[in-house]
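Take a look at the letters that make up each chain.
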Amino acid sequence: FIYIPLNGIVLEVIDITYLQLSIYYTLPQTKDPNEFEDMVRDCFLKKFISAQRYGRKGQKQYGIDIIITFINSNRIQEYIAVQCKNYLPNEKELDKIISDAISGSKRLPSPLHKIVIAIGSERDTKTQDYILTKNSYGILIEPLFWEEISSLIASDTELMNRYYPQMQTNTI
């Protein structure tokens, strides 16, 4: 990584390749949508310097649950918008999720690099294919399924202790 100071804050220049998984492990899924959003945010915080929940319950979030800020290799600040769904959305819901996130991203002061739809269910080829066909909007749109989220949590002792303290982290 290369570190660049920006207005007195050190931000890292990173390549936007997906979060590296060191192990594959499926943890029990949370039923709480707020906890799910926290889990997703915390996974992204392991890779990016800034990942924060956008707004709070009851506020208009413009299709964005989490905003990730990073400095690209050209030293330009960019954003990744994350929409969290703790279930498997259907195609009509996916269209609305994508449309809302694209519209909402216009509120951001810098370009949107990517939209990630974090899905709290097992990987599904129909959903993956549908989301990947939407990349024609000019913004990269990717799904992130529960298997990847739980593997990221399982590979990190701090996250395991936070979300699954009842499980022995040394057995994973």
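Residues numbered from 1 in each chain as written. Predicted model: local features only at pLDDT ≥ 70, side-chain atom pairs only at ≥ 80, totals over all residues. Heavy atoms only, no water.

(A) Up close: the overall build of the protein. Helix and strand counts for the protein come out as five helices and seven strands. For the protein, the N- to C-terminal ordering of α and β elements is β-β-α-β-β-β-α-β-α-β-α-α. Carbon and sulfur atoms provide 49% of the accessible area of the protein, an area that totals close to 9,500 Å². (Helix = DSSP H or I, 4+ residues; strand = E, 2+ residues; numbered from the N terminus. Areas by Shrake-Rupley, 256 points an atom, 1.4 Å probe, with all protein chains shown as cover.)

(B) A look at the environment of tyrosine 87. Tracing the chain through its elements places tyrosine 87 in the loop between β5 (77-85) and α2 (91-105). Residue tyrosine 87 is classed as partly exposed on the basis of its relative accessible area of 36%. Tyrosine 87 sits 56 residues away from lysine 31 along the chain, and the two C-alpha atoms are 9.3 Å apart. In contact with tyrosine 87, not counting residues within four places along its chain, are Glu93, Ile119, Gly120 and Ser121. A distance of 3.4 Å separates a polar atom in the side chain of tyrosine 87 from a polar atom in the side chain of glutamate 93. (Buried < 20%, exposed > 50% of the residue type's maximum accessible area, 1.4 Å probe, protein only. Contact = heavy atoms within 4.5 Å. Polar contact = N/O pair within 3.5 Å; in protein donor to acceptor, adjacent residues only side chain to side chain.)

(C) Up close: the packing of aromatic side chains. Taken as a whole and judged by the stated rule, the model has three aromatic pairs. Taking the centre distance of 6.2 Å and the plane angle of 40 degrees together, the rings of phenylalanine 36 and tryptophan 146 count as tilted. With phenylalanine 36 in helix α1 (residues 33-45) and tryptophan 146 in helix α4 (residues 146-154), the pair connects residues that are 110 residues apart, well separated along the chain. Phenylalanine 36 gets classed as buried once you look at its relative accessible area, which sits at 1%. Here tryptophan 146 falls in the buried class, since its relative accessible area comes to 3%. (Phe/Tyr/Trp six-rings, centres within 6.5 Å; stacked < 30°, edge-to-face > 60°.)

(D) Local environment of the packing of α1 against α4. For the pair α1 and α4, interaxial distance at closest approach is 10 Å and the crossing angle is 65 degrees. Handedness of the α1/α4 crossing: left-handed. On α4, the residues touching Phe36, Met39, Val40 and Cys43 of α1 are Trp146, Ile149, Leu152 and Ile153. Residues that form the contact of α1 with α4 fall into these classes: eight nonpolar, no polar and no charged. (Axes fitted to C-alpha atoms, helices over the stretch in contact; angles between N-to-C directions. Left-handed = near helix turned anticlockwise from the far one by under 90°. Nonpolar A, V, L, I, M, F, W, Y, C, P; charged D, E, K, R; others polar.)

(E) Quick look at the environment of aspartate 124. Within the secondary structure, aspartate 124 sits in the loop between β6 (112-119) and α3 (125-133). A relative accessible area of 23% means that aspartate 124 is categorised as partly exposed. Once the C-alpha coordinates of aspartate 124 and proline 143 are considered, the two residues, 19 residues apart in sequence, prove to be 9.8 Å apart. Non-local contacts of aspartate 124, meaning those with residues more than four positions away in its chain, are made with Leu88 and Phe145.

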